[in-house]
Every structure is written in structure tokens, then in C-alpha cells.
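If you want the building blocks of each chain, they are given just below.
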Amino acid sequence: MPQHSTEILAATEAGIARAAQLLREGKLVSFPTETVYGLGADARQGEAVAAIYEAKGRPSFNPLIAHVHSAEAAQRYVEWNGMAETLAQAFWPGPLTLVLPLRAGHGISPLVTAGLDTLGVRVPAHPAAQALLRALDGPVAAPSANPSGKISPTTAAHVKAGLDGRIAAILDDGACGVGLESTIIGLAGPEPVLLRPGGLAAEEIEAVLGRKLAVRDVHDPLTAPGQLLSHYAPGAPVRLDAAAPAEGELYLGFGPGACDLNLSERGDLAEAAANLFGHLHRLDALGKPIAVAPIPEHGLGEAINDRLHRAAAPRD
Ligand code: TXA
Ligand code: MG
């Protein structure tokens, strides 16, 4: 849904308040962090998160980082542990993202986690980002604020060049200091894993933890379980482009018509994206094969179909 003219907001009290209000209304706001400008949406509002993908023209759903104002705020959404506490004490606020198990009652849209049971959380150090997160007092999902396939933006002008007219506002507070995305550490398993090198050197993290980080080689499918993990697939077989369910199948619908669960009765792709992972989980819990209605291959439909194809791919 292309939004009309993009407001440029100064990082003043009024500008921050306006940005927080837009996020609360489910709109997209680009904001500066010390790494790169983020494209933010309220992480609790599925359709707002879907709009991120729409604005970026991103053809697949990857898990997004939830930005919060403090380690205390992070603990509303994830299960905390000793290593998380150590790293948060040492490096937050800063260019470090921690992936931790979601906690019960977290309220985060499954579109943020791409259906995983873990969440990447980060406390940015940038004063404007801090002020915005405190004004909202909620989690903000944000990838870098560039169209898919383009370079990450480190100024408001970069964001405007790529996304003008597609997002509600840009909070402009100059150039980003680090200019490189956050380092991502997985802390959901027994050992800490470097999931993405970034603005904080791995050696610094190892020094604080007093141990080596396991490294996930994203090019090696055998040692890259995160890549596989991030491709959430139901336990039961999934059949795509099904005009109707066969005997014994559950039917995930799109558009008007009888079905077990509907991605969007009004045929709206943003609503369908927001519902996708939650509905798959709910049908999966019933333990029967799933047939999925055809989804149009335009706009967000491309990303929805990408995920559905992964969900339907043969398993080992
Ligand atoms: O510096 C940054 O991290 C910037 C600013 C805006 O904060 N954000 C950013 O987001 O780089 P993005 O969407 O480009 O990168 C998010 C990456 C995903 O591609 C994925 O690799 C990883 O974070 N990620 C997020 N949640 C995850 C999870 N639950 N499990 C594994 N990886 C996760
Ligand atoms: Mg990016």
C-alpha cells in the first residue's frame, strides 16, 4: 500500500513524539541507529510489519530484529540467561543483537520472527533511536531502510532516495556512526554462535564471554542450521495452489470461501502476510496435511509464496 508523502521529522521532542504516534498507528517510520537507518514498524502489529516488506519490495520473509530501549524491556519478550546478561552489561546500548528464545505472552507478531520460536533483540545506542523507543515503550521491528537488494542507508537522504512516498516518515538525525549492521549472536542454544559479523568485533565478545564463539558458515548447509531453522516448516505435508482441500486435508484459504483458516477473507496480501506464520502454526498443531489456496504472485504475494514453497519443500 503506497503511502503518500513522507514526512521528514527532526530529532526534537515534537519530532520524536510524532514518530512514536505514527508507529502506534501502524505506520512505517525510518529512524537512525548507530549502525544504519532502520525501517521501523511496531513489532506487535502484524500488518505494520507486513508493510515493511511491501515498502522494501523484499521477495522473502527473513526474521527481523526487535529494537527496544533497554535490557529490561528486552526481557519482556525473550527468555533471559547468563550470557545475555553478560553481553548486555558489556555492550548495550550498542551494535549487538542477541537471539534468544521467545517468552510466553510476548505479543510479538510471528511475521517478525518468520515463525521461529526465537527473537533477535537489540538496544541501539543512537540518542534519537533511544528517545523514540522510550516514547513508544514498545518493540520496533526494523531491517535496514533500503529497497531490497540496495545498499544500506547511513543518512536520511539515502532513505529518502530509496523509499520516499512509500513510508510515513523519516526521523532525520544526521549520519550513522558505525555504518555497518549489528553483530548478531545466537544465545538460544548451549553455546554462543556468531550468526552475523557486524559493527562489534567478535573478538571483543569472546573476550567478555571468556570463550570462543561457534561460527555458522552460511555457505555450508550442514553447519548452517540457522539457515534451515529460519525456514519454518510445518510437520505435516503442505500442498500449494490447491483450489480445494482433498479428503483429510486442512485448508488454508485466501479470499472468500469455506476453509479451516483464512489468510485474508478480503484477499488483502498485507493481512495475509501478517497471518501467515500464525495460521501455519495453528494448522500444524492439528497434525494433518495442509492444502493452501493459490496466492497471487504480485506485491507481498511473492514473499508469501516464497515462504510457502519452503514450507512445502520435501524434508529429510
Ligand atoms: O544494525 C542492524 O542490525 C540493523 C539496524 C536497523 O538495527 N538492522 C538489520 O536488520 O540489519 P536486518 O533485517 O537487515 O537483519 C536481520 C537479520 C536477519 O537477516 C537474520 O539473519 C537475523 O537478523 N535474525 C533476526 N532474528 C533472528 C532469529 N530469530 N534467528 C536467527 N537470525 C535472526
Ligand atoms: Mg539489511
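See the structure shown above.
Residues numbered from 1 in each chain as written. Chains lettered and ligands numbered in written order. Predicted model: local features only at pLDDT ≥ 70, side-chain atom pairs only at ≥ 80, totals over all residues.

Trainee: Is there a simple way to think about the pairing of strand S10 (residues 193-196) in this case?
Mentor: Consecutive side chains along a regular strand alternate between the two faces of the sheet. In the sheet, strand S9 (residues 183-186) pairs with S10 via three bridges, with the strands oriented antiparallel. Paired with Ile184 across the two strands is Arg196, which belongs to S10. In this structure, the hairpin formed by S9 and S10 is closed by a connection of six residues. Crossover connection from S10 via helix H8 (residues 202-209) to parallel strand S11 (residues 214-215): handedness right-handed. (Pairing = 2+ DSSP bridges. Helix = DSSP H or I, 4+ residues; strand = E, 2+ residues; numbered from the N terminus. Right-handed = clockwise from strand over helix to strand, strands pointing away.)

Trainee: Whenever I open this one, the nonpolar core confuses me. Can you help?
Mentor: One broad trend across soluble globular proteins is that nonpolar side chains are buried collectively. Within the largest apolar cluster, 95 residues are counted, with the highest numbers of intra-cluster contacts made by Ala19, Ala66, Leu132 and Ala273. The biggest single contributor to this core is helix H10 (residues 269-284), with eight residues. Taken domain by domain, this core gets at least three of its residues from each of domain 1 (7-229) and domain 2 (238-312). Other than its neighbours up to four places away in sequence, Ala66 contacts Ala43, Tyr77, Ile108, Val112, Leu119, Gly120, Val121, Pro139, Val140 and Ala141. (Core = buried A, V, L, I, M, F, W, Y, C linked by C-beta atoms within 7 Å. Buried ≥ 20, exposed ≤ 12 C-beta atoms within 10 Å, placed from the backbone. Domains from an automatic or database assignment. Contact = placed C-beta atoms within 7 Å.)

Trainee: When you look at helix H11 (residues 301-312) in this model, what are you seeing that I'm missing?
Mentor: The first and last C-alpha atoms of H11 sit 16 Å apart over 12 residues, in line with the 16 Å expected at 1.5 Å per residue. Residues of H11 that are buried: Ala303, Ile304, Arg307, Leu308 and Ala311. Taken down its axis, H11 places every buried residue within 135° of arc, on the same side. Where H11 is buried, its residues contact helix H2 (46-56), strand S12 (238-239), H10 and strand S15 (290-292). (Expected span 1.5 Å × (residues − 1). Arc of directions from axis to C-beta.)

Trainee: Hey, could you run me through the pairing of S9 in this one?
Mentor: Along S9, one buried face is formed by Thr183 and Ile185 and the opposite face, lined by Ile184 and Gly186, is buried too. Summarising the sheet, strand S5 (residues 96-101) and S9 pair through four bridges and their orientation is parallel. Bridging from a neighbouring strand, Leu96 pairs with Thr183 of S9.

Trainee: Honestly, the site of ligand 1 in this entry has me stumped. Any pointers?
Mentor: Looking at ligand 1, there are 27 residues lining it, with Thr35, Gly38, Pro63, Gly120 and Pro143 nearest. When residues of the shell around ligand 1 are traced back to their parent elements, those giving at least two are S5, strand S6 (118-122) and S10. Tallied by class, the residues present in the shell around ligand 1 amount to 12 nonpolar, 12 polar and three charged. (Near = placed C-beta within 6 Å. Nonpolar A, V, L, I, M, F, W, Y, C, P; charged D, E, K, R; others polar.)

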